[in-house]
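Read off the chains here:
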Amino acid sequence: GLAVSCLGWGVLGGTAVAGRLSDRFGRKKVLIATAVLFTLTALGSALTTNFGVFVAARVLGGVAVGGAILIAPVYIAEISPPQLRGSLVSLNQLMIVLGISASFFSNYALVDLGENNWRWMLGMDAVPAVLYFVLLFAVPESPRWLFSRGREAEAGAILTRVCGAEQAAGELQRIRES
């Protein structure tokens with residue numbers, strides 16, 4: 001029971017701290033940290049022979065899940081053009097459901113690998129985690145976070161690149177007002 005439920009306890013912790021961490025260090029850095037945790041905890045839970053280490057890896061994996069579930073939609077809403085925000089956040093939710101479904105199908109494919117098939121099932125989480133980590137370096141920091149740190153020019157440049165100069169000016173004004 002502990003081995004299964006400990007992930008959920010980590011999710012609670014991740015959601016409790018992710019907002020404050022992203023306000024302090026930036027949305028992108030927190031998302032990168034979650035990708036690192038996803039990778040390390042997938043490999044740790046798959047490779048360990050110690051139950052305590054297994055539980056710790058699952059709890060930390062839950063922290064990553066909680067952080068990503070909280071911060072990814074915030075980041076998407078802050079970086080996307082106003083007319084696409086709802087659709088992109090909804091797409092994020094769809095991708096989460098598709099990812100969960102993919103994990104069930106990959107686990108089904110691994111079920112006949114033998115006695116330690118569960119290790120492969122847990123370790124396979126590292127594949128999308130590494131991809132997530134790599135792709136995060138292609139996205140900019142949140143313009144709202146940059147603006148909150150006095151980096152208005154950087155925020156403006158990102159918004160201009162994402163939604164054009166006219167919309168960027170309007171968005172910067174809305175950020176100022178909020």
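Above: the structure in question.
Each chain carries its own residue numbering, running from 1 in the written order of its sequence. Owing to the predicted nature of the model, reporting of local features is limited to residues with pLDDT of at least 70; listing and counting of side-chain atom pairs is limited to 80 or more, with chain, interface and lining totals taken over all residues. With hydrogens and water excluded, all non-hydrogen atoms of the structure serve as input to the side-chain values.

Asks: How would you summarise the overall build of the protein if you had to cite specific residues and measurements?
Replies: The helix and strand tally for the protein stands at nine helices and zero strands. When the helices and strands of the protein are read in sequence order from the N terminus, they spell out α-α-α-α-α-α-α-α-α. Buried, partly exposed and exposed residues are distinguished by accessible area as a fraction of the type maximum, computed with a 1.4 Å probe on protein chains only: under 20%, between the cut-offs, and over 50%, respectively. Taken across its 178 residues, the protein has 35% of its residues classed as buried. Working rule for contacts: check all heavy atoms of both residues, and any pair within 4.5 Å makes them a contact. Summarising the internal contacts of the protein: among those between residues at least 6 apart in sequence, 72% fall at separations of at least 24. The sign given to each residue is positive for Lys and Arg and negative for Asp and Glu; His and the chain ends receive no count. A charged residue contributes its charge at one atom only: NZ of Lys, CZ of Arg, CG of Asp or CD of Glu. Here the protein contributes 14 positively and 11 negatively charged side chains, and the mean placements of these two sets differ by 6 Å. For helices the rule is a DSSP run of H or I covering at least 4 residues; for strands it is a run of E covering at least 2, with both sets numbered from the N terminus onward.

Asks: I'd like a rundown of the environment of Leu 122, residues and numbers included.
Replies: With respect to the element layout, Leu 122 can be found in helix H5 (residues 117–123). Distance in space between the C-alpha atoms of Leu 122 and Ser 45 is 6.7 Å, their sequence separation being 77 residues.

Asks: With reference to specific residues and values, describe a nonpolar patch on the surface.
Replies: Residues qualify for a patch when their relative accessible area is over 30% and they have no salt bridge, like charges being joined within 9 Å and the nonpolar side chains of Val, Leu, Ile, Met, Phe, Trp and Tyr within 5 Å. Only the protein chains shown count as cover for residues, and the accessible areas themselves come from Shrake-Rupley with a 1.4 Å probe. Put simply, a salt bridge is a Lys or Arg side-chain nitrogen that is within 4 Å of an Asp or Glu carboxyl oxygen. On the surface, a nonpolar cluster with roughly 500 Å² of combined accessible area is contributed by Leu 84, Leu 88, Leu 91, Leu 94, Met 95 and Leu 98. Turning to its location among the elements, Leu 88 is positioned in helix H4 (residues 85–110).

Asks: Please give an account of the packing of aromatic side chains that cites residues and values.
Replies: Side-chain rings of Phe, Tyr and Trp (the six-membered ring for Trp) are treated as a pair once their centres are within 6.5 Å; stacked means planes under 30 degrees apart, edge-to-face means over 60, and tilted covers the remaining angles. All told, the structure shown has four aromatic pairs when counted by the stated rule. Taking 6.0 Å as the distance between ring centres and 85 degrees as the angle between the ring planes, the aromatic pair formed by Phe 54 and Trp 118 counts as edge-to-face. With Phe 54 in helix H3 (residues 51–79) and Trp 118 in helix H5, the pair connects residues that are 64 residues apart, well separated along the chain. These aromatic residues form a ring-pair network of at least three members: Phe 51, Phe 54 and Trp 118.

Asks: Any details on the layout of surface pockets? Residues and values, ideally.
Replies: Whether a set of points on the 1 Å grid over the protein atoms alone is a cavity depends on a 1.4 Å probe fitting there but being unable to get out, while an open set qualifies as a pocket with protein on both sides within 12 Å along at least five of seven lines; lining residues are those with an atom within 4 Å of a point. Grid points are joined across faces, edges and corners, and a volume is the space filled by probe spheres set on the points. Counted as a void, the largest pocket has a volume near 1,700 Å³. The wall of the largest pocket is formed by 42 residues, among which Phe 38, Met 95, Ile 96, Gly 99 and Pro 128 lie closest to the centre. The element contributing the most residues to the lining of the largest pocket is H4, with 13 residues. For the lining of the largest pocket, a count of residues per class yields 31 nonpolar, nine polar and two charged. In this structure, the second largest pocket encloses a volume near 150 Å³. Looking at the second largest pocket, the residues that line it are Gly 14, Val 17, Ala 18, Leu 21, Phe 25, Lys 29, Val 30, Ala 33, Thr 34, Leu 37, Val 63 and Gly 67. Residues are grouped as follows: nonpolar covers Ala, Val, Leu, Ile, Met, Phe, Trp, Tyr, Cys and Pro; charged covers Asp, Glu, Lys and Arg; every other residue, Gly included, is treated as polar. Classifying every residue of the lining of the second largest pocket by side-chain character gives eight nonpolar, three polar and one charged.

Asks: Describe the packing of helix H1 (residues 2–25) against H3, with residues and values.
Replies: Fitted lines through C-alpha atoms serve as axes, helices being fitted only where they are in contact, and the angles separating the N-to-C directions of these axes extend from 0 to 180 degrees. Put simply, H1 and H3 touch, their axes get as near as 5 Å, and they point 40 degrees apart. For the element pair H1 / H3, the angle class is oblique. Relative to H3, the crossing made by H1 is right-handed. Across the contact of H1 with H3, the residue classes break down as 14 nonpolar, nine polar and one charged. Put simply, angles under 35 degrees are roughly parallel, angles over 145 are roughly antiparallel, angles from 65 to 115 are roughly perpendicular, and the rest are oblique. Left-handed describes a crossing whose near helix is turned anticlockwise from the far helix by less than a right angle; the clockwise case is right-handed.

Asks: Outline the pattern of salt bridges, listing residues and values.
Replies: Throughout the structure, instances matching the rule amount to seven salt bridges. With a shortest N-O distance of 2.8 Å, Arg 151 and Glu 154 are connected by a salt bridge. A relative accessible area of 38% places Glu 154 in the partly exposed class. Salt bridges sharing partners connect three or more residues here, namely Arg 85, Arg 144, Glu 171 and Arg 174.

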